[in-house]
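# Geometric and topological summary
Chain by chain, the residues:
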Amino acid sequence: MKTRSWLLLLIFSVIGYSATFYFFPKVMPAAHWGTTLDRAAAIVKAKSLAESFGIEKSDWTGWIELVETTYGRQNEYYLATQSMGLGGVGVGLLSAISTQVTLNDPRTHRKIKVNFRADGFPQEFKDRLPKENNSKTKIETSPGNAEKSASPTTPAAMPEPERVSDADKQLAENAFKSFWGERLLAAATLAESNNTQQGARLVWKAEDQKLKLTARVLVRDGKIKELSLDHDFTKSFDAEFKVRRSTFTEVLSSADFLVVIPSILLVMIFYFLGLALKRIQQRQGLVFLVAASLLILLIILLGRMGDDLRNGTVSGTTGYWVTVLLPWLLVLVVTLAIAGSLYFFWVAGQSLEIRLPHRRTISFELLLKGQIFTKPVAQSIAAGLMAGGIFISIPILAAASHLFSGLELDAHGLENTFAAHFPAFPVFFAPLQYLLFIVFAFFAPMICVYVKRLLLARILILVTCTICLIGTSFVYISATGMLVTGVLMGLALTALYFRGDLLAIVFSLFGVHAAIGAAALLAQPSVSLQSSGWRAIAGLAVLLVVSLIGVWRFREVTEEETAIPAHLLETRIERERLKADFNVAQRAQQQMLPDAPPQIPGLEIAAICKPSKEVGGDLYDFLPLRDGKLGIVVADVSGKGVPASLYMTLTKGLLTSIAETVDDPGEILREVNRHLYEVCRRKMFVTLFLGVIDPVTKRMVYARAGHNPTVFRSVARQETSLLKPKGMGLGLNSGKIFDQSLKVETLQLELNDKLFFYSDGITEAMNPKNEEYGEERLIEIAEKADDLAASEARDAVMTDVTRFLASNQPQDDQTLVVVKVI
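The following paragraphs examine the structure supplied in this document.

Cut-offs used in this document
Residues numbered from 1 in each chain as written. Predicted model: local features only at pLDDT ≥ 70, side-chain atom pairs only at ≥ 80, totals over all residues. Heavy atoms only, no water. Helix = DSSP H or I, 4+ residues; strand = E, 2+ residues; numbered from the N terminus. Buried < 20%, exposed > 50% of the residue type's maximum accessible area, 1.4 Å probe, protein only. Contact = heavy atoms within 4.5 Å. Axes fitted to C-alpha atoms, helices over the stretch in contact; angles between N-to-C directions. Parallel < 35°, antiparallel > 145°, perpendicular 65-115°, else oblique. Left-handed = near helix turned anticlockwise from the far one by under 90°. Nonpolar A, V, L, I, M, F, W, Y, C, P; charged D, E, K, R; others polar. Pairing = 2+ DSSP bridges. Phe/Tyr/Trp six-rings, centres within 6.5 Å; stacked < 30°, edge-to-face > 60°. Salt bridge = Lys/Arg side-chain N within 4 Å of Asp/Glu carboxyl O. Polar contact = N/O pair within 3.5 Å; in protein donor to acceptor, adjacent residues only side chain to side chain. Expected span 1.5 Å × (residues − 1). Bend = angle between axes of the 7 residues up to and from the residue. Core = buried A, V, L, I, M, F, W, Y, C linked by side-chain atoms within 4.5 Å.

What follows concerns the overall build of the protein. If you tally the helices and strands in the protein, you get 29 helices and 20 strands. A buried classification covers 52% of the 822 residues belonging to the protein. Across the protein, contacts joining residues at least 24 apart in sequence account for 72% of those joining residues at least 6 apart.

Below, the structure written as structure tokens:
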């Protein structure tokens, strides 16, 4: 891109990121979560609480510490709409965000769980011993009960639960009040009070039309072992919450499965197809797998996903080393599973990319090769990061504009970084990146390979991308808002892919999630979370500045660094060999054309032949005939490629040879036809227009063998006509039919008259709308060229054809000879 384009993109990027940070507190629910605890603070507070319930400080050596943060969308809605729920008590006890700390001793299998509200106040405390130890704790029974349980006549009889002692009840009530306050204790009813094997259990319940609260306290050996406050919403509240989302929005929220499910089958098909055709780049695929595994492992370990995975495997009564190592084994398995799936999409998509004329994976491949400090890599990273600001501003501005009734931003997932080991790192990553990598690394090249029309291919890629964006729900509630924002974001990413590449897409998503995650961190009252937000912004800014510097300072790459390994594509090598042969044939074709038009008194001549990408069979020539006459030839061999070029060579040789003794155009064409018929394959033929001009008498005798009619412009009479005497192509018939069809005509030329000899590459040139240039446009230009010299008239026609083609490339050779009588 030019410097001006980079500057414009930077300006829009700054506007987009600025709008995101400005409007985030106004439109994003996460701005009001009020999270006060990060991972370290939550662990310290959990241990302090456990110590207040009898755990010694020295006991923490060797304990496993796990932290999870969960987001309750229903809680959030309740807090926003039910300020007087349970007389205001319920609102004070609920939180949109909760942080759970799990402390596990792998030696004794003791597990302590503490759950905090967003403001850091504990909601739950559980101190659990392994089941085998609990099973040894028997409730005390009176002699009478013991006799009953031993009686053979009542084998199934169980002792009656003992009444909870006043001391245990008082301890439970004091813990209740310290955790949840006297107001809830006064509003609640004691629903259960009995002794169990685990200890004295007391249960209080409170409810209104919207909310049900259940508080549990467990006392054992004079100590609090469990405090938990569970909440349930009533059916009426559930109905109120769900009615906001229609069935259509629910369907839209699952739209991404339309991409995920087919992708599993398709990637396997194209992976094994790539193996069979030897198009899989195994070495680079292995590098990708290793790099992806390391990155995902870092995300898991530095984020909170590692704690989520380990939390379900650290309990039980298994051995010490099993308890310690099994969670890490699970982390490794999940890492390899995610990285392995990405590997299949990458190598399968790459096997398709190499079939495209313009690969959009080059900068990604350079990155995998370690060629980081190169311009293509820097350009993709810079463009992607700046485009990310534009991308993320779309849903933010949609919510701020209030154009869509009920539209809300989806805050789900932003809470994941709050409990991360190092929040500034995982804030750059989110599940959406996985989905969109599938779209642009695999689906996009597959569509481009099998859908030949570029516009249709772009539309299909846009639809696929939009489905994923809608399914991952940047916004929800409003179906119209989901569709509009999904399409706009899809357009932004699709445009970035075609103007950039895959690496630009990847880094645009880094920018998106870094911005929205940093904004969520900055909105929380926790100083440490705010610091992490600023570090994420600093990391994003540094990455952008370095990449922008690299756009101008990093080195260019060589063709060898971006080339596809030769052993992968035997067909590509063959095509390159054929391309070299075509180049030789094209040079031979050009060398057979006259170096310059002849200088004939009374005539001004200009000519041009612009070959298409492939070798064609166009020919123009000037034949010196007897008595100073000049033969002007424009011919076209059917087909393209080397065979057409060979027939063109043969035709030129025949014309030159025959014209040495014959000057009648009819006789010349009959002789050429006879010789061509003897050597031509029946599917090959030559069209030709031959005009013989006598510069003294200004008379032209001409014949046409199936070729385009010549445009004749009479300046004196201000008339334009097409010269099209009858005649069939050369080489189609042995002689009799050809001779009978061929007609020779005569034209008297006058001062300033012009003749336009041309091939079908002129009139059949096709623009992006699939419209042909046509004879009418050629005639129109000829009529405007009355005062122009022959060379100027030639240039006027060629310029007009080029303008008409627009972005399309010529599909055939373009040959034009202009003769002016002077």
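As a further point, take the packing of helix α16 (residues 375-401) against helix α21 (residues 527-553). Running from N to C, α16 and α21 point in directions that differ by 135 degrees, and their axes come no closer than 8 Å. As summarised for this structure, α16 and α21 are arranged oblique, according to the angle between their axes. Like other packed secondary-structure pairs, α16 and α21 cross with a definite hand, here left-handed. Contact with α16, carried on its side by Lys375, Ala378, Gln379, Ile381, Ala382, Leu385 and Met386, involves Leu540, Leu543, Leu544, Ser547, Leu548, Gly550, Val551 and Trp552 of α21 and no other residues of that element. Classifying every residue of the contact of α16 with α21 by side-chain character gives 11 nonpolar, 3 polar and 1 charged.

The next point concerns the sheet that holds strand β18 (residues 744-748). The strand order β12-β13-β14-β15-β18 describes an open sheet built from 5 strands, whose pairing is antiparallel. Among the strands making up the open sheet, the edge pair consists of β12 (618-624) and β18. Across the sheet, the axes of successive neighbouring strands diverge by a mean angle of 15 degrees, strand direction being ignored. Bridge analysis of β12 against strand β13 (residues 630-637) gives 7 bridges, and the strand direction is antiparallel. Its bridge partner lying in β13, Asp618 is registered against Asp636.

So, on to unusual backbone geometry. Residue Lys698 is not a glycine yet carries a positive backbone phi of 60 degrees. With respect to the secondary-structure elements, Lys698 resides in the loop between β14 (686-694) and β15 (699-705). Phi at Gln718 takes a positive value of approximately 55 degrees, unusual for a residue other than glycine. As for its placement among the helices and strands, Gln718 is situated in the loop between β16 (710-714) and β17 (719-723).

A pair of packed helices is captured by two measures, namely the crossing angle of their axes and the spacing between those axes. Following both chains from N to C, one finds helix α1 (residues 3-27) and helix α20 (residues 502-522) inclined at 30 degrees, their axes separated by 10 Å at the closest point. On the basis of the axis angle, α1 is roughly parallel to α20. The chirality of how α1 crosses α20 is right-handed. On α20, the residues touching Tyr17, Thr20, Phe21 and Phe24 of α1 are Gly511, Ala515, Ile516, Ala518, Ala519, Ala520 and Leu522. Grouping the amino acids of the contact of α1 with α20 by side-chain chemistry returns 9 nonpolar, 2 polar and no charged.

Right, let's get into the packing of aromatic side chains. Two numbers describe a pair of aromatic rings. These are the distance of the centres and the angle of the planes. Overall, the coordinates contain 39 aromatic pairs when judged by the stated rule. Taking the centre distance of 5.8 Å and the plane angle of 45 degrees together, the rings of Tyr77 and Phe237 count as tilted. Taken together, the positions of Tyr77 in helix α3 (residues 73-81) and Phe237 in helix α9 (residues 235-242) put the pair 160 residues apart, joining distant regions of the chain. Each of the two residues, Tyr77 as well as Phe237, counts as buried. Note on Tyr78 and Phe237: the rings are 5.7 Å apart at their centroids and 70 degrees apart in plane angle, and the pair reads as edge-to-face. Of this pair, Tyr78 sits in helix α3 while Phe237 is found in helix α9, placing the two residues 159 residues apart along the sequence.

Here we come to the pairing of β16. Where burial is concerned, most of β16 is hidden: 5 out of the 5 residues are buried. Neither face of β16 is open: one carries Thr710, Phe712 and Ser714, the other Val711 and Arg713, and all of them are buried. Two strands pair when backbone bridges link them, and β16 and β17 are joined in this way by 5 bridges, in the antiparallel orientation. For Ser714, the partnering residue across the bridge sits in β17 and is Glu719. Note that β16 and strand β19 (residues 754-758) share 3 bridges and pair antiparallel. Of the residues in β19, the one forming a bridge with Val711 is Phe756.

With that settled, consider the pattern of salt bridges. Scanning the entire structure with this criterion turns up 30 salt bridges. Of the charged contacts in the structure, one is a salt bridge between Arg201 and Glu226, with a shortest N-O distance of 3.9 Å. Linking Arg201 in strand β6 (residues 199-207) with Glu226 in strand β8 (residues 223-233), this pair joins segments that are 25 residues apart in sequence. Each member of the pair Arg201 and Glu226 is classed as buried. The residue Glu556 makes a salt bridge to Lys375 at a minimum N-O spacing of 3.7 Å. Pair noted here: Glu556 is in the loop between α21 and α22 (559-562) and Lys375 is in helix α16, with a separation of 181 residues, a long-range link.

On to the side chain of Glu124, then. Here Glu124 lies in strand β4 (residues 122-128). In this structure the side chain of Glu124 is engaged in a polar contact, spanning 3.4 Å, whose partner is the side chain of Lys126. When sequence neighbours within four positions are dropped, the list of residues in contact with Glu124 reads Gln100, Lys113, Val114, Asn115, Phe179, Leu227 and Ser228.

This brings us to α1. Taking 1.5 Å per residue, 25 residues should reach 36 Å; α1 reaches 35 Å between its end C-alpha atoms and fits that length. The axis of α1 is deflected most strongly, by about 25 degrees, at Phe21, and proline Pro25 appears within four residues downstream. Every buried residue of α1 is listed here: Trp6, Leu9, Ser13, Gly16, Tyr17, Ala19, Thr20, Phe24 and Val27. On its buried face, α1 sits against α16, β9 (408-409), α20 and α21.

If you look at the biggest cluster of nonpolar residues, it comprises 115 residues, and the most contacted ones within it are Leu436 and Phe440. If one sorts the elements of this core by residue count, α20 sits on top with 16 residues. Contact partners of Phe440, with chain neighbours within four places excluded, come to Pro445, Ile461, Cys465, Leu493, Thr494, Tyr497, Leu502 and Ile505. Counting residues in each nonpolar core, the second largest holds 54 residues, with Ala607, Val662, Leu676 and Val692 among its members.

A few words on the pairing of strand β5 (residues 189-196). Relative to β6, β5 runs antiparallel, the two being bridged by 7 bridges. Note that in β6 the partner of Asn195 across the bridge is Ala200. In this structure, the hairpin formed by β5 and β6 is closed by a connection of 2 residues.

So, about the sheet that holds β6. Reading across from one edge, β1-β2-β3-β4-β8-β7-β6-β5 is the order of the 8 strands in this open sheet, with antiparallel pairing throughout. A strand with exactly one partner marks an edge of an open sheet, and here the two such strands are β1 (64-71) and β5. Pairs of neighbouring strands in the sheet enclose a mean axial angle of 20 degrees, with direction left out of account. Across the sheet, α3 touches β1, β7 (211-220) and β8, and the angle it forms with β8 is around 75 degrees.

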